[in-house]
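The chain contents come next:
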Amino acid sequence: MLFDQISNDIKQAMLAKDKVALNALRNVKKEFLEAKTAKGGEDFDDVAAQKILQKMVKKGKDTAAIFIAQGRQDLADEELAQVAVFEKYLPEQMSNEELESVLKEIIAQIGASSAQDMGKVMGVATK
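My aim in this report is to walk through the structure given alongside it, one point at a time. What you are looking at is a predicted structure, and each value in this text was computed from that prediction instead of being measured.

Look at helix α5 (residues 96–110) against helix α6 (residues 118–126): their axes get within 10 Å of each other, and the N-to-C directions meet at 125°. Viewed along their axes, α5 and α6 adopt a mutual orientation that is oblique. Where α5 crosses over α6, the two elements pack in a sense that is right-handed. For the pair α5 and α6, the contacting residues are L103, I106, I107 and I110 in the first and K120, V121, V124 and A125 in the second.

In structure tokens:
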């Protein structure tokens, strides 16, 4: 489970004295614990953990962009370093070419021919 892996990696980061990874992983574990103890948190699994990580990656990138706009590259670099740690635990994202190829295949399977068929294509694509 991803929660256990994060806990073990916190120990490894402490031993390696990797402050960036340690802070990032502690933040992840805090978010996981909050999700587990929240109402309905008994269903916490790897899918829920990945959603949390995806939100953290997006938030970190958005924060880094704000820092860059304000001329604070040092703070942006810290955020992006933590984002890099978060991304290690997420599945690899498809490239634009791979995504386009898969979508064309789905469109062909469904026989979509107009924008009205977009809902059908999206339903299959999200699965």
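There's plenty left to go through after this.
Relative to the assigned elements, V57 resides in helix α3 (residues 46–69). Using a relative accessible area of 8% as the deciding quantity, one classes V57 as buried. Sequence spacing of V57 and E87 is 30 residues, and the spatial spacing of their C-alpha atoms is 7.0 Å. Filtering out sequence-adjacent residues up to four positions away, V57 remains in contact with V83, F86, E87 and L90.

This part covers the packing of aromatic side chains. A full pass over the atoms with the stated rule returns 1 aromatic pair. When the ring of F3 is compared with that of F32, the centres are 6.3 Å apart and the planes differ by 40°; the resulting orientation is tilted. Linking F3 in helix α1 (residues 2–16) with F32 in helix α2 (residues 19–37), this pair joins segments that are 29 residues apart in sequence. Here F3 and F32 have matching classes, each one buried. In this arrangement the basic side chain of K36 is found over the ring face of F3, its NZ or CZ atom lying 4.0 Å from the centre.

Thresholds, definitions, all that
Residues numbered from 1 in each chain as written. Predicted model: local features only at pLDDT ≥ 70, side-chain atom pairs only at ≥ 80, totals over all residues. Heavy atoms only, no water. Axes fitted to C-alpha atoms, helices over the stretch in contact; angles between N-to-C directions. Helix = DSSP H or I, 4+ residues; strand = E, 2+ residues; numbered from the N terminus. Parallel < 35°, antiparallel > 145°, perpendicular 65-115°, else oblique. Left-handed = near helix turned anticlockwise from the far one by under 90°. Contact = heavy atoms within 4.5 Å. Buried < 20%, exposed > 50% of the residue type's maximum accessible area, 1.4 Å probe, protein only. Phe/Tyr/Trp six-rings, centres within 6.5 Å; stacked < 30°, edge-to-face > 60°. Lys NZ or Arg CZ within 6 Å of the ring centre and 35° of its normal.

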